[in-house]
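# Secondary and tertiary structure notes
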Amino acid sequence: MSAIECVAVAGGGAVGCMCRYMVQQMPLLGADRSWPTLAVNVIGCLLIGFVATLIDGCGGMKGLRLLLVTGFLGGFTTYSTFTMDAASMVRAGEAVKAFGYVAVTLVAGFASFIAGRALAERLL
């Protein structure tokens, strides 16, 4: 990996992390921090499906894919926070809520990815 590719990933990741933080601060999503995490992960899956499919369908511009998919969307989405939120629910005695949260995140994330990919394929 070249220095320029590393900068693309780092720059995209920094902006993605800042965007995730801004979503997590939105009062609309409430005080329960699991809602913003669910939102960024589902939106991120939709965008990864869409953006990666468009880039790959247009010749696979490696630098752009590193910047947007690996960097920005990798920084925007958060598997670790999702896991921490679910574990916190279990520790608080909310195992059913945790199971639902995990199930909804996985199903909605996968469905969003498929929807994003399908939309990009229609545009191509």
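Right above here is the structure, for reference.
Notes on the structure follow. Bear in mind the structure is a predicted one, so any value in this text is a computation, not a measurement.

### A short note on the packing of aromatic side chains
By the definition in use, this model includes three aromatic pairs. Consider the rings of Phe72 and Phe76, whose centres lie 6.0 Å apart with planes at 5 degrees: the pair is stacked. Note that Phe72 and Phe76 are positioned in helix α3 (residues 62-76) at a spacing of four residues, about one turn of the helix. Linked through ring pairs, Tyr79, Phe82 and Tyr101 together constitute an aromatic cluster.

### Concerning the layout of surface pockets
Taken as a whole, the largest pocket holds about 160 Å³ of empty space. If you trace the largest pocket, you find it lined by Asn41, Val42, Cys45, Thr77, Thr78, Tyr79, Phe82, Thr105, Leu106 and Gly109. Among the elements of the structure, α2 (34-57), α4 (79-91) and α5 (95-123) are those that each provide at least two residues to the lining of the largest pocket. For the lining of the largest pocket, the class distribution of residues is five nonpolar, five polar and no charged.

### Details of the packing of α2 against α5
Direction vectors running N to C along α2 and α5 enclose 25 degrees, while the axes themselves pass 7 Å from each other. The orientation of α2 relative to α5 falls into the category roughly parallel. Crossing geometry of α2 relative to α5 is assigned as right-handed. The residue inventory of the contact of α2 with α5, partitioned by class, reads 15 nonpolar, eight polar and two charged.

### Quick look at the side chain of Thr77
Topologically, Thr77 is positioned in the loop between α3 and α4. Since its relative accessible area comes to 18%, Thr77 is described here as buried. At a separation of 2.9 Å, a polar atom in the side chain of Thr77 contacts the main-chain carbonyl oxygen of Leu73.

Reading guide: rules and limits
Residues numbered from 1 in each chain as written. Predicted model: local features only at pLDDT ≥ 70, side-chain atom pairs only at ≥ 80, totals over all residues. Heavy atoms only, no water. Phe/Tyr/Trp six-rings, centres within 6.5 Å; stacked < 30°, edge-to-face > 60°. Helix = DSSP H or I, 4+ residues; strand = E, 2+ residues; numbered from the N terminus. 1 Å grid on protein atoms, 1.4 Å probe; cavity = no way out; pocket = protein on both sides within 12 Å on 5 of 7 lines; lining within 4 Å. Points joined across faces, edges and corners; volume = space filled by probe spheres on them. Nonpolar A, V, L, I, M, F, W, Y, C, P; charged D, E, K, R; others polar. Axes fitted to C-alpha atoms, helices over the stretch in contact; angles between N-to-C directions. Parallel < 35°, antiparallel > 145°, perpendicular 65-115°, else oblique. Left-handed = near helix turned anticlockwise from the far one by under 90°. Buried < 20%, exposed > 50% of the residue type's maximum accessible area, 1.4 Å probe, protein only. Polar contact = N/O pair within 3.5 Å; in protein donor to acceptor, adjacent residues only side chain to side chain.

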